[in-house]
Amino acid sequence: MSTVTTIERFILEHQPDFARGELTQLLYDIALAAKIIAHKTNRAGLVDILGEIGATNVQGEKQQKLDVYAHDIMVQLCEHTGRLCVMLSEEQEEIIPIPARYEKGSYVLVFDPLDGSSNIDVNVSIGTIFGIYRCLEDERRGRLEDVLQPGRNLVAAGYVLYGASTMLVYSTGQGVHGFTLNPEYGEFLLSHPNLRLPKPPAYYSVNAAYYSRWSPGVQRFLDWLEGKEDDSPSVSARYIGSLVADFHRNLLRGGIFCYPAEQKRKDGKLRLVYEAAPLAFLIEQAGGYASDGRRPILDITPTHPHQRVALYLGNRSLVERVEAFIRQEDEQ
Ligand code: AHG
Ligand code: MN
Ligand code: MN
């Protein structure tokens with residue numbers, strides 16, 4: 001019988017330098033939040049958790065009840081533990097300070113509490129994305145600067161995928177590891193140790209309906225991807241509309257996810273701090289690469305907490321190819 005490894009045991013056995021620290025505890029807190037959110041998503045059609053709350057978030061997007069629920073769970077589980085100095089959520093404009101009545105810790109948590117909101121009401125996979133930094137000045141309570149660090153400073157990142165099963169995938173810089181929730185006893189069990197991007201890539205993910213909005217270089221890249229050149233790769237199209245679900249499939253099978261900039265939306269749609277940077281950290285840990293089309297995502301220092309960025313991430317050969325098409329266009 002293969003050994004049953006819970007996420008708690010894995011963290012203790014594989015990151016001894018963190019095993020007794022705040023970071024390990026913080027990862028446990030996030031795993032618990034994932035279980036609670038999963039419990040709701042698995043019944044979304046039955047409890048009053050579907051649909052919009054009638055509010056819009058800082059992105060100007062209609063908030064779904066589950067967006068707000070997941071945001072509240074992450075904050076409630078993490079704000080009082082003494083492990084964090086500040087948090088940032090997609091669902092709240094300003095940074096989330098640790099209330100004065102609670103001890104502050106030395107980590108920063110940035111998160112997209114519910115990714116793929118447009119898929120909630122149609123029962124398609126959705127997720128949670130998180131990134132963890134160290135506070136810049138240990139003796140101070142968290143400040144805006146703490147959430148505006150480049151992705152290179154991440155000490156950990158991961159996501160939860162609420163799909164056919166609930167998975168938690170994370171890295172603390174020693175490879176990427178996947179855990180599947182066993183609902184019988186509510187434990188995340190190690191199911192995908194040491195995930196590495198397979199070669200050759202099998203898929204590409206992009207919202208092809210926006211083709212006419214992209215720059216000529218990006219259009220040429222998509223033409224190439226779709227087999228119009230002699231040296232085109234042989235890849236299939238898969239696009240779910242939940243970044244976490246598209247990312248996870250491409251991580252397991254090889255591929256590229258693209259959300260290009262558009263003529264009218266120069267920075268694309270996805271957010272640098274709590275979507276692009278944590279996933280860029282993971283994809284590099286799995287042997288891949290993430291770019292905004294001109295430079296590595298992990299090298300970009302945010303100037304605004306909700307800053308948007310064009311995003312290409314997956315097999316390095318594909319991401320470097322789109323950079324080449326964009327460079328060619330820039331040089332014309
Ligand atoms: P969120 O629900 O957190 O706002 O994220 C939605 C994002 C991402 O999950 C997905 O890749 C993208 O929106 C889909 O955008 P389009 O519907 O424009 O393709
Ligand atoms: Mn999202
Ligand atoms: Mn979201």
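Scroll up to find the structure.
Residues numbered from 1 in each chain as written. Chains lettered and ligands numbered in written order. Predicted model: local features only at pLDDT ≥ 70, side-chain atom pairs only at ≥ 80, totals over all residues. Heavy atoms only, no water.

(A) Spotlight on the packing of aromatic side chains. Here the structure, examined in full by the defined rule, presents nine aromatic pairs. Between Tyr159 and Phe247, the ring centres sit 5.6 Å apart and the planes meet at 80°, which makes this aromatic pair edge-to-face. Of this pair, Tyr159 sits in strand β7 (residues 156–162) while Phe247 sits in helix α7 (residues 243–253), and the two are 88 residues apart along the sequence. Given a relative accessible area of 0%, Tyr159 falls into the buried group. Each residue in the set Phe10, Tyr170 and Phe179 is aromatic and connected to the rest through ring pairs, giving one cluster. (Phe/Tyr/Trp six-rings, centres within 6.5 Å; stacked < 30°, edge-to-face > 60°. Helix = DSSP H or I, 4+ residues; strand = E, 2+ residues; numbered from the N terminus. Buried < 20%, exposed > 50% of the residue type's maximum accessible area, 1.4 Å probe, protein only.)

(B) The arrangement of the coordination of the manganese ion (ligand 3) in detail. Coordination of the manganese ion (ligand 3) by the protein is provided by Glu90 (OE), Asp112 (OD) and Leu114 (O), with metal-donor distances spanning 2.0 to 2.3 Å. A separation of 3.7 Å is found between the manganese ion (ligand 3) and the manganese ion (ligand 2), both of which receive a donor from Asp112. Taken together, the residues Glu90 in the loop between β3 (84–89) and β4 (96–97) and Leu114 in strand β5 (residues 107–115) connect sequence positions 24 residues apart. Of the two residues, Glu90 and Leu114, neither departs from the other in class, the shared state being buried. (Donors = N, O, S within 2.8 Å, 3.2 Å for Na, K, Ca; no water.)

(C) Molecular detail of the coordination of the manganese ion (ligand 2). The coordination sphere of the manganese ion (ligand 2), as far as protein atoms go, consists of Asp112 (OD), Asp115 (OD) and Glu275 (OE), spread over 1.9 to 2.1 Å. A relative accessible area of 1% means that Asp112 is categorised as buried.

(D) Molecular detail of the environment of Asp121. Among the structural elements, Asp121 can be located in the loop between β5 and β6 (126–134). Overall, the relative accessible area of 43% leaves Asp121 in the partly exposed class. Note: C-alpha distance between Asp121 and Gln64 (57 residues apart in sequence) is 9.2 Å. Excluding anything up to four places from it in sequence, Asp121 contacts Leu50, Gly51 and Gln64. (Contact = heavy atoms within 4.5 Å.)

(E) View of the side chain of Arg83. Along the polypeptide, Arg83 turns up in the loop between α4 (65–78) and β3. By relative accessible area, which is 16% here, Arg83 ends up buried. In terms of polar contacts, Arg83 uses its side chain to reach the side chain of Asp29, at 2.8 Å. In this structure Arg83 touches Glu22, Gln25, Leu26, Asp29, Gly105, Ser106 and Tyr107, once residues within four positions along its chain are discounted. (Polar contact = N/O pair within 3.5 Å; in protein donor to acceptor, adjacent residues only side chain to side chain.)

(F) Up close: the side chain of Ser242. Within the secondary structure layout, Ser242 lies in the loop between β12 (236–237) and α7. The exposure class assigned to Ser242 is buried, which follows from its relative accessible area of 0%. Contacts of Ser242, omitting those with residues within four sequence positions, involve Asp115, Gly116, Asn119, Ser125 and Ile126.

(G) Structural view of the site of ligand 1. Among the 19 residues in the neighbourhood of ligand 1, the closest are listed as Asp115, Gly116, Ser117, Tyr239 and Tyr259. One of the side-chain N or O atoms of Asp112 is found 3.0 Å from an oxygen atom in ligand 1. Between an oxygen atom of ligand 1 and a side-chain N or O atom of Glu275, the distance comes to 3.5 Å. A total of 480 Å² of accessible area belongs to ligand 1 in isolation, and the protein chains cover 89% of it. Among the elements of the structure, β5 and β13 (255–259) are those that each provide at least two residues to the shell around ligand 1. The biggest single contributor to the shell around ligand 1 is β5, with three residues. Taken domain by domain, the shell around ligand 1 gets at least three of its residues from each of domain 1 (7–192) and domain 2 (203–331). (Near = heavy atom within 4 Å. Areas by Shrake-Rupley, 256 points an atom, 1.4 Å probe, with all protein chains shown as cover. Domains from an automatic or database assignment.)

Distances and angles like these do not, on their own, reveal function.
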